[in-house]
Amino acid sequence: RPHDERKLPATFPRHPQPVTRHARPGAPEFAPPVPKDVVMPAPRLLIIANIRGGRRARRFEAVLAHLHRLGAETEIQHVRMPGDGAVLAQAAAAHWASGGEDAPTRLVVAGGDGTFNDVINGLAGALMPVAFLPLGTANVLAYELHLPKDPAALARIILDGTARLAHTGRVN
């Protein structure tokens, strides 16, 4: 999908404004409305993928098609050997932190639990938003996170899911 050349006005913030909370506990959260004349940029996803063919490749293509239908721009980088995920993640975090025009808005890990572990180790200390597209054999993390199997639902979560800070453990 070609890059959208439309730009935001200089006065409009690059990142969404923080969610404001009401003083009353349990009240709904809201975000300020986007002015009607402002065109929001398409979400830019960097996908670190470990795909071994067959049903995994078909699942990946199905989710990718839904992401494109929802307006996402994607760049795919493939893992070739163990450790590649960490290296690619470090480069992605640095690019994201630079805030450049072509910087990704979210990192997507497409693979199994091992690929996710590799990427997360590469992101240690970075606050880059990460989404998980489970393509592994066991997919224990996807099970624990209650991720849906439906490609359309996964695409929606990847684009619109709420980012939450998660602390990684350290084992020696």
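In the block above lies the structure referred to throughout.
Attention in this report is confined to the structure presented alongside it.

Side note on the packing of helix H2 (residues 84–98) against helix H3 (residues 113–122)
Here is step 1: One can describe the packing of H2 onto H3 by two numbers: an axis separation of 7 Å at closest approach and a directional angle of 40 degrees. Between H2 and H3, the interaxial angle falls into the category oblique. Note on packing geometry: the crossing formed by H2 with H3 is right-handed. From H2, Asp84, Gly85, Ala86, Ala89 and Gln90 reach across to H3, where they touch Asp118, Val119 and Gly122.
Here is step 2: Class assignment of the residues belonging to the contact of H2 with H3 gives a composition of three nonpolar, three polar and two charged.

Some words on the sheet that holds strand E3 (residues 106–111)
Here is step 1: Spatial strand order, E2-E1-E3-E4: four strands in an open sheet with parallel pairing. Edge positions in the sheet fall to strand E2 (73–78) and strand E4 (130–134), since each of these pairs with one other strand and no more. Here the average twist between neighbouring strands, direction ignored, is 25 degrees.
Here is step 2: Summarising the sheet, E3 and E4 pair through five bridges and their orientation is parallel. Across the sheet, valine 109 pairs through a bridge with phenylalanine 132, a residue of E4.
Here is step 3: In the packing of H3 onto the sheet, contacts are made with strand E1 (44–49), E3 and E4, and the angle to E3 comes to roughly 145 degrees.
Here is step 4: Together, E1, E3 and E4 form the strand contacts of helix H5 (residues 151–160), whose direction differs from that of E4 by roughly 165 degrees.

So, the layout of surface pockets
Here is step 1: Reported here for the second largest pocket is a volume of approximately 1,200 Å³.
Here is step 2: Lining the second largest pocket are 31 residues; nearest its centre among them are Phe116, Ile120, Val130, Arg164 and Ala166.
Here is step 3: When residues of the lining of the second largest pocket are traced back to their parent elements, those giving at least two are H3, E4 and H5.
Here is step 4: Here the residues of the lining of the second largest pocket are counted per class, giving 19 nonpolar, nine polar and three charged.

A closer look at the packing of helix H1 (residues 55–69) against H5
Here is step 1: Put simply, H1 and H5 touch, their axes get as near as 8 Å, and they point 55 degrees apart. The pairing of H1 with H5 is recorded here as oblique in orientation. The chirality of how H1 crosses H5 is right-handed. Contact residues: Arg59, Ala62, Val63, His66 and Leu67 in H1; Pro151, Ala152, Leu154, Ala155, Ile158 and Leu159 in H5.
Here is step 2: By residue class, the composition of the contact of H1 with H5 is nine nonpolar, one polar and one charged.

Reading the values: rules and limits
Residues numbered from 1 in each chain as written. Predicted model: local features only at pLDDT ≥ 70, side-chain atom pairs only at ≥ 80, totals over all residues. Heavy atoms only, no water. Axes fitted to C-alpha atoms, helices over the stretch in contact; angles between N-to-C directions. Helix = DSSP H or I, 4+ residues; strand = E, 2+ residues; numbered from the N terminus. Parallel < 35°, antiparallel > 145°, perpendicular 65-115°, else oblique. Left-handed = near helix turned anticlockwise from the far one by under 90°. Contact = heavy atoms within 4.5 Å. Nonpolar A, V, L, I, M, F, W, Y, C, P; charged D, E, K, R; others polar. Pairing = 2+ DSSP bridges. 1 Å grid on protein atoms, 1.4 Å probe; cavity = no way out; pocket = protein on both sides within 12 Å on 5 of 7 lines; lining within 4 Å. Points joined across faces, edges and corners; volume = space filled by probe spheres on them.

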